[in-house]
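These are the residues of each chain, in order.
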Amino acid sequence: MQMVQAGGRNTSRSYSKQIVAFKHSEAERIRRMRINSQYATLRTILPNLIKMDKASVLAETIRRVRELKKAVEEVDAVCGGTAVPSGDDSLSLEYSGGLKEEEKDGQVFIKVTLSVEDRPGLMLELINAIRSAKGSGEVGLIRVVKAEMVTVGGRTKTLLWLQPMPPLPSSGSGGGDGDGDGEGVLVLLRRSLRLVLAKKLK
C-alpha cells in the first residue's frame, strides 16, 4: 500500500514538472514571436536596409538613432534650445524672454518654459494655473502675450510669454532679480505651475 502511494506521489511530481516545462516552453515561444515581430517592424521602417539578418538590423537601428539624435541636437541649437522637449519634467520662469520689440517700450515679460509628458488638456491646465496665480489677491491680470507648444515623442515643451497687469517696471528684467512686486509674481506663478508639473498622465 505504501509503495502505491509513493508511486502516486512520483507520478504527481512528474506531471507537475511537465506542466512547468510546458509553461516555460510556451513563454519562450511567445517571447521569440514578439522579438521576431519587432525585427520585422524594424525591417519595414528602416531606410536603405540591405542585409536583413538580426545583427545588421540592430546595427542599422543604432546608426539611425544616433543620426536622428544628432539632427535633433542641431535643430535645437539653431532654435536656441527651445525646439525639443527635454527628457525630464522641468519648469523655469525668467523675465523678458524673447520679446525684444516690446522690451524697447520699457515693458517686462515673464517667460515660462515647461517640459512634461504630453497629455490631453495640458494647455487648459496651464491657463487655469495662471488664473489661480492672479486670483490670489496679490497679483492683478496676467495676460498671455505669446504661446508656443512643441510635442515630440510623447513629450511636450510649452513656452509662454506673460505680461502682468499693471506692467512690471523694466528694472525687474535680468532673470528674476527684480523688485519685490516682480518676485511676488514669480513666486505665485511658480507655485501654481508646479501643480501642473506634478500631475502625471493616468
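Cut-offs and rules
- Residues numbered from 1 in each chain as written.
- Predicted model: local features only at pLDDT ≥ 70, side-chain atom pairs only at ≥ 80, totals over all residues.
- Heavy atoms only, no water.
- UniProt positions renumbered as here; feature names shortened; annotations may be inferred.
- Pairing = 2+ DSSP bridges.
- Helix = DSSP H or I, 4+ residues; strand = E, 2+ residues; numbered from the N terminus.
- Axes fitted to C-alpha atoms, helices over the stretch in contact; angles between N-to-C directions.
- Patch = residues over 30% accessible without salt bridge, like charges linked within 9 Å, V, L, I, M, F, W, Y side chains within 5 Å.
- Areas by Shrake-Rupley, 256 points an atom, 1.4 Å probe, with all protein chains shown as cover.
- Salt bridge = Lys/Arg side-chain N within 4 Å of Asp/Glu carboxyl O.
- Buried < 20%, exposed > 50% of the residue type's maximum accessible area, 1.4 Å probe, protein only.
- Contact = heavy atoms within 4.5 Å.
- Core = buried A, V, L, I, M, F, W, Y, C linked by side-chain atoms within 4.5 Å.

By the naming in an unreviewed UniProt entry, the chain goes by BHLH domain-containing protein and is assigned to Cannabis sativa. Comment text from UniProt for the chain, heading Subcellular location (unreviewed entry), reads "Nucleus".

A. Just the sheet that holds strand β1 (residues 90-95), in detail. The strand order β1-β2-β4-β3 describes an open sheet built from four strands, whose pairing is antiparallel. Looking at which strands have only one partner, the edges of the open sheet turn out to be β1 and β3 (142-152). Strand-to-strand twist across the sheet, computed as the mean angle between neighbouring axes with direction ignored, equals 15°. Both β3 and strand β4 (residues 155-164) contribute to a ladder of 10 bridges, which runs antiparallel.

B. Main features of a nonpolar patch on the surface. A contiguous nonpolar surface patch, about 320 Å² in accessible area, is contributed by M123, L124, I127 and M149. Among the elements that take part in the nonpolar patch, helix α4 (residues 122-134) stands out by supplying three residues, more than any other. For I127, a relative accessible area of 33% puts it in the partly exposed group.

C. Fine view of the environment of M149. You can see M149 is positioned in strand β3. On the basis of relative accessibility, which here comes to 38%, the residue M149 falls in the partly exposed class. Here the alpha-carbon distance between M149 and M123, two residues 26 residues apart in the chain, equals 9.0 Å. Not counting residues up to four positions away in its chain, the partners in contact with M149 are L122, M123, T156, K157 and T158.

D. Fine view of the nonpolar core. Residues L93, I110, V112, L162 and L189 are the most contacted members of the largest nonpolar core, which totals 22 residues. With seven residues, the single largest contributor to this core is helix α5 (residues 180-198). If we skip the residues at most four places from it in the chain, V112 touches L91, S92, L93, T158, L159, L160, L162 and L193.

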